[in-house]
Structures are given as C-alpha cells and as structure tokens.
Amino acid sequence: MPRFVVEADGGSRGNPGPAGYGAVVLDPATGETLAERAEFIGVATNNVAEYKGLIAGLKAAAELDPDAVVRVRMDSKLVVEQMSGRWKIKHPDMKPLAAEAAKILPRGQVTYEWIPRERNKHADRLANEAMDAGRRGKQWEPSASTADLAPAPAGPPGDAAKGAAAVRAALASSGAGTGTRAAGADVRAARSAAASGADTLFAEVDVDAAAEAPAASPARVPAPAGAPASGVDGAPAATGAGWGGPDMGTPATFVLLRHGETALTPQKRFSGSGGTDPELSPAGRRQAAAVAEALAARGTVQAVVSSPLRRCRETAQAVADRLGLPVAVEEGLRETDFGAWEGLTFAEVRERFPEDLQAWLDSPRAAPTGGGESFTSVTRRVSAARDRLLAAHAGRTVLLVTHVTPVKTLVRLALGAPPESLFRMELSAASLSAVAYYADGNASVRLLNDTSHLR
C-alpha cells in the first residue's frame, strides 16, 4: 500500500483578510515532491485557509492513489487536534470544512501530526505565493514562483553548514516547477551547489555503509523512557505519547545496534552486502561482548533480529547468548550493495570512478558503480522490513543488529528528515540507537549513537 505525506498551510493577511493556502504531497521514502496545490481564496480567516489547504492536500493525495496511507503534517494545532478527534469543532465555519476533509479518504488511512512552522516552509511558501498572486488579481500558477527564500549562510569552502543550507534552500524552492512533479532535479542542483563541502563531509567516513560525517550540531538529548517526546523549545510533539492525547498503549521499540568492527572498519572502506562478508575482528568481538553485558543489565530486550551478513550475525549471537534468546534473520536489514566500490576507500573511489561518485553524492537515486544499490532502493527495502517487524512485534522491545545505512534510514524516516540527513549522522561501530513506534503511526527517536558501554 503506497504511503504519502501531506504538508498543508494557510494564511490570511488581516485575519480575516486576503487569504490563500498551499499544500504539497511528498514521498516519505525519498522526500520527493509528488504534487503541489495553492490557491487565493479571497477574504477569509487563517483557520479557514488552513482547512482549505488540508482539503486540497488530501484531494491531491487521493488523486495520486485513493488507497494510499496518508500522514498529514501541519503547524496548525487547531486543525491537527480537531481532525484527530481530540478537540471539538465549535466554530460554524470550521464544521463543514472538517466534514469535507474527513470524507476525502477513509478515516483509517489518514493520521495527523503537528509540526513547528519552520518545518512547514514548503506549504507556507505556496500559501504566500497564492496570496501574492491574489494581490495582483491573479491565481497562483506553479511556473510563477514569487516567494523569497532566505539566502544560505556564508561559510568557508567545504563548510558543512553552508552545504546543508544550500540543500534545504533547494528543497524549499522545489515548487518553482510544475504543479505535479518530482523534485529530484532541485535536490541535485542543491547538492551540486554544496559539492565544495563533499570532501569535508566524507573525510572522516567509516564507509561500512553510506558516507558518514561528524554531526553538524549536537544531537538533541533523548527523552527518558516513558517521558513524553518534546518539540521545539520543549513543546509537546505529536507522538501519541501523552500530553492530553489518547492512550496509544506500549509502543514497539526498536533498539538499533550497529555491528562490531571488522578488519575493514578502522581502514574506512566501503563494506556492504556485495563484498567479502567479513567476520568480526578481535576488537569487534570485544565490542559485541560489551554491548551484550550492557543490554543484559538493562533487561528490556525481548527479541533479537539480525541482518544476514556475518558481522551482524556474530554480534547478534553474542548478545542473544547473553540474554538467552534466539536470533531471527531479516534480509531487509542487510547493508547497501556498494557494487564495484566494495573494499575501497572513499579516496580510491573518487580517483577511479569520479563521475559515478559525484552522481551518487548528487542524488539518492544514483547507484554505485557496477550495479550497486541507490539510497532510494535501500530506503524502500528497509521500510518494508520495518513494517514487517512492527507487525510481528507490536508493543515489544526488539534488538535489530544491522549496519550504518539501515540504522540511519530508520532514524531518518522516524524524524521525517530528507535523504541528505544520512550525511549528517555519526554512527560508530557497536553503537546503540532506539526508535519507538506508536499505534497511531507516530515514531519517537529515543537514542542515537550511544557508545557509553564501550568506555
């Protein structure tokens, strides 16, 4: 069953005043723009415009596939809470709009999430373009984008923050083309603009999987187990974990363990699923023993699932033996196939396959030389594995022993982050991360790259 993300917004210059809405449909696996809608609606309030944006976004998603599961993200707490059934709809202008939105797709196919305004820039920009068009006596046209984007911050050549800002700017401006289209070209253009930062991003890479870079900013401290997740400045995030929301029961929690070191790990070589399938090194076996002791002390893991590759199975077995559990194998958790790059360092790949490497850096759809896997393909595979495991382990804590790319992909999808976020996460050998999945479809990242058990 296909999955879409709908982001919608509306605004009024006067409240009530000249108003417009914007909505975008995204592919949650790749971050691509699938459809855009915007319209000037005359004089209306902010809330009416927001509901109009929601309706337009749901209709666009239904036109793409009426059987799709849709995740709606808006910065209007009112609309999110009312459509989720947690707040009553009292205003007479809102009731018919909410009823119209509810009829577009079956209730079981749509969930709602509040996001801060800064994460809803695409839809906000479309709404402002619609209002700008209305001021000129016209309607919004997808080929006539007028909204101004904040310039990328300045930085030295190779500066990671500057490169990331360029990517974000292009993602935000991807509505400048047609009303229904993929945004891959915009992302590629942004990454080309940020290409001067590529060496910096990959210089410290342990290319057991996708390129890694030191985190561009300190990671948010994860909430303790049982605590409600928080949004911007401590505001409650829409995770279904409390703060007045319905009781979603015990979430399924995936404890994500990257395998221990192999001989290739300290050499920073590409080591995926298409290479030699190395075993753990002596250091890697020590790391596996250390994480086994740490997990045994916590006593929360109820099942162990491993990638089929040897280094993961050895790590998983060390933990499972300590916990007295069997090891199940999930093919979808294997590492990326890096094709002809297997066993090479990043510098060696850059020297031998410069054009292929640049294409890979420019687009998540590009595959490594020789028939390897693109990040887009890996995302689909990992997403399918995640869904199978969630169905099999509802409400349980499960240890997934896997690799860099699958761990980062699960974290990225839980955060709703774009594909380029894979290059902004540090993930050490034998590190622990954790994601909790709630019954309403929300996910909460609880931990990232914890290596305290190795010290």
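Now for a look at the structure at hand. In this text, all values refer to a predicted model and were calculated from it rather than measured experimentally.

### What about the overall build of the protein?
So, point 1. On a plain count of helices and strands, the protein comes out with 13 helices and 11 strands.
So, point 2. Per-residue burial over the protein gives 53% buried out of 455 residues.
So, point 3. Element-wise, carbon and sulfur atoms account for 54% of the exposed surface of the protein, whose accessible area totals about 19,100 Å².

### Quick notes on empty space enclosed by the protein
So, point 1. For the structure on display, the rule yields 3 cavities of 30 Å³ or more.
So, point 2. For the second largest cavity, the calculated volume is near 30 Å³.
So, point 3. Lining the second largest cavity we find Ala-29, Thr-30, Pro-364, Phe-375, Thr-376, Thr-379, Arg-412, Pro-419 and Leu-422.
So, point 4. Counting residues per element, the lining of the second largest cavity draws most heavily on helix α12 (residues 375-392), at 3 residues.
So, point 5. Here the lining of the second largest cavity is built from residues that sort into 5 nonpolar, 3 polar and 1 charged.

### Let's talk about the sheet that holds strand β5 (residues 110-114)
So, point 1. Pairing is mixed across the open sheet formed by 5 strands, whose spatial order is β3-β2-β1-β4-β5. Of all the strands in the sheet, just β3 (33-44) and β5 have a single pairing partner and so form its edges. Direction aside, the axes of adjacent strands within the sheet are offset by 20° on average.
So, point 2. As paired strands, strand β4 (residues 69-74) and β5 are joined by 5 bridges and run parallel to one another. Note that in β5 the partner of Val-70 across the bridge is Val-110.
So, point 3. Here helix α1 (residues 46-64) sits on the sheet in contact with β1 (3-12), β2 (17-26), β3, β4 and β5, set at roughly 155° to β1.

### Some details on the side chain of Asn-449
So, point 1. Take Asn-449: it is sitting in strand β11 (residues 443-450).
So, point 2. Within polar-contact distance, the side chain of Asn-449 engages the side chain of Ser-431 at 3.3 Å.
So, point 3. If near-sequence neighbours (up to four positions away) are discounted, Asn-449 is found in contact with Glu-426, Leu-427, Ser-428, Ser-431, Leu-432 and Ser-433.

### Quick look at the sheet that holds strand β9 (residues 397-402)
Two pairing modes exist for strands in a sheet, parallel and antiparallel, and in both the strands are linked by backbone hydrogen bonds.
So, point 1. Overall, mixed pairing links the 6 strands, which are arranged β8-β7-β9-β6-β10-β11 in an open sheet. This sheet does not close on itself; its edge strands, each paired only once, are β8 (327-329) and β11. Sheet twist, expressed as the average angle between the axes of neighbouring strands with direction ignored, equals 20°.
So, point 2. Pairing of strand β6 (residues 252-258) with strand β10 (residues 432-437), which is carried by 6 bridges, proceeds in the antiparallel orientation.

### Details of the pattern of salt bridges
So, point 1. For the structure shown, the criterion picks out 23 salt bridges.
So, point 2. The salt bridge involving Asp-124 is made with Arg-117; its shortest N-O contact spans 3.7 Å.
So, point 3. Since its relative accessible area comes to 19%, Asp-124 is described here as buried.
So, point 4. Assessed through its relative accessible area of 57%, Arg-117 is described here as exposed.
So, point 5. A salt bridge links Arg-269 to Glu-348; its shortest N-O distance comes to 3.1 Å. Placement of Arg-269 in the loop between β6 and α8 (282-298) and of Glu-348 in helix α10 (residues 346-352) is noted, with a sequence separation of 79 residues between them.
So, point 6. Connected through salt bridges with shared partners, the residues Arg-3, Arg-386 and Asp-387 form a single ionic network.

### What to know about the environment of Ser-306
So, point 1. With respect to the helices, strands and loops of the structure, Ser-306 is situated in strand β7 (residues 303-306).
So, point 2. Judged by its relative accessible area of 0%, Ser-306 is buried.
So, point 3. On a C-alpha basis, the gap between Ser-306 and Glu-331 in space is 8.3 Å, while along the polypeptide they are 25 residues apart.
So, point 4. The contact partners of Ser-306, leaving out residues within four places of it in the chain, are Cys-312, Arg-313, Ala-316, Val-327, Ala-328, Val-329, Glu-330, Leu-333 and Val-401.
So, point 5. A distance of 3.5 Å separates a polar side-chain atom of Ser-306 from the backbone oxygen of Cys-312.

### A closer look at the nonpolar core
So, point 1. Core analysis: the biggest nonpolar cluster contains 32 residues, and Tyr-51, Leu-54, Leu-58, Val-70, Val-72, Met-83 and Tyr-112 have the highest contact counts within it.
So, point 2. Put simply, the parts of the chain that give this core at least two residues each are β1, β2, β3, α1, β4, α2 (77-83), α3 (94-104) and β5.
So, point 3. Sequence-distant contacts of Tyr-51, defined by excluding residues within four places in its chain, comprise Val-79, Gln-82, Met-83, Ile-89, Met-94, Leu-97 and Ala-98.
So, point 4. Membership of the second largest hydrophobic core comes to 19 residues, among which are Ala-303, Leu-389, Val-398 and Val-407.

### Details of the environment of Ala-429
So, point 1. Structurally, Ala-429 is set in the loop between α13 (404-415) and β10.
So, point 2. Spatially, the C-alpha atom of Ala-429 lies 8.1 Å from that of Gly-284, the residues being 145 residues apart in sequence.
So, point 3. Excluding anything up to four places from it in sequence, Ala-429 contacts Arg-258, His-259, Gly-260, Glu-261, Thr-265, Gln-287 and Leu-454.

### Overview of α13
So, point 1. If you check α13, its first and last C-alpha atoms are 17 Å apart, about what 12 residues at 1.5 Å a residue would give, namely 16 Å.
So, point 2. Counting buried residues along α13, 11 of its 12 residues qualify, which places the element largely inside the surrounding structure.
So, point 3. Inspection of α13 places Val-404, Thr-405, Pro-406, Val-407, Lys-408, Thr-409, Leu-410, Val-411, Arg-412, Leu-413 and Ala-414 among the buried residues, and these make up the whole buried set.
So, point 4. On the buried face of α13, the contacting elements are β6, α12, β9, β10 and β11.
So, point 5. Just downstream of α13 lies Gly-416, where phi reads positive at about 70°.

### Focus on the packing of α1 against α3
The geometry of a pair of packed helices is captured by two quantities: the angle between their axes and the separation between those axes.
So, point 1. The N-to-C vectors of α1 and α3 enclose an angle of 15°; their axes lie 9 Å apart at closest approach. Put simply, α1 runs roughly parallel to α3. α3 is crossed by α1, and the crossing has left-handed handedness. Between α1 and α3, the contacting residues are Asn-47, Val-48, Tyr-51, Lys-52, Leu-54, Ile-55, Leu-58, Lys-59 and Ala-62 on the first element and Met-94, Leu-97, Ala-98, Glu-100, Ala-101 and Ile-104 on the second.

Scoring rules and cut-offs
- Residues numbered from 1 in each chain as written.
- Predicted model: local features only at pLDDT ≥ 70, side-chain atom pairs only at ≥ 80, totals over all residues.
- Heavy atoms only, no water.
- Helix = DSSP H or I, 4+ residues; strand = E, 2+ residues; numbered from the N terminus.
- Buried < 20%, exposed > 50% of the residue type's maximum accessible area, 1.4 Å probe, protein only.
- Areas by Shrake-Rupley, 256 points an atom, 1.4 Å probe, with all protein chains shown as cover.
- 1 Å grid on protein atoms, 1.4 Å probe; cavity = no way out; pocket = protein on both sides within 12 Å on 5 of 7 lines; lining within 4 Å.
- Points joined across faces, edges and corners; volume = space filled by probe spheres on them.
- Nonpolar A, V, L, I, M, F, W, Y, C, P; charged D, E, K, R; others polar.
- Pairing = 2+ DSSP bridges.
- Axes fitted to C-alpha atoms, helices over the stretch in contact; angles between N-to-C directions.
- Contact = heavy atoms within 4.5 Å.
- Polar contact = N/O pair within 3.5 Å; in protein donor to acceptor, adjacent residues only side chain to side chain.
- Salt bridge = Lys/Arg side-chain N within 4 Å of Asp/Glu carboxyl O.
- Core = buried A, V, L, I, M, F, W, Y, C linked by side-chain atoms within 4.5 Å.
- Expected span 1.5 Å × (residues − 1).
- Parallel < 35°, antiparallel > 145°, perpendicular 65-115°, else oblique.
- Left-handed = near helix turned anticlockwise from the far one by under 90°.

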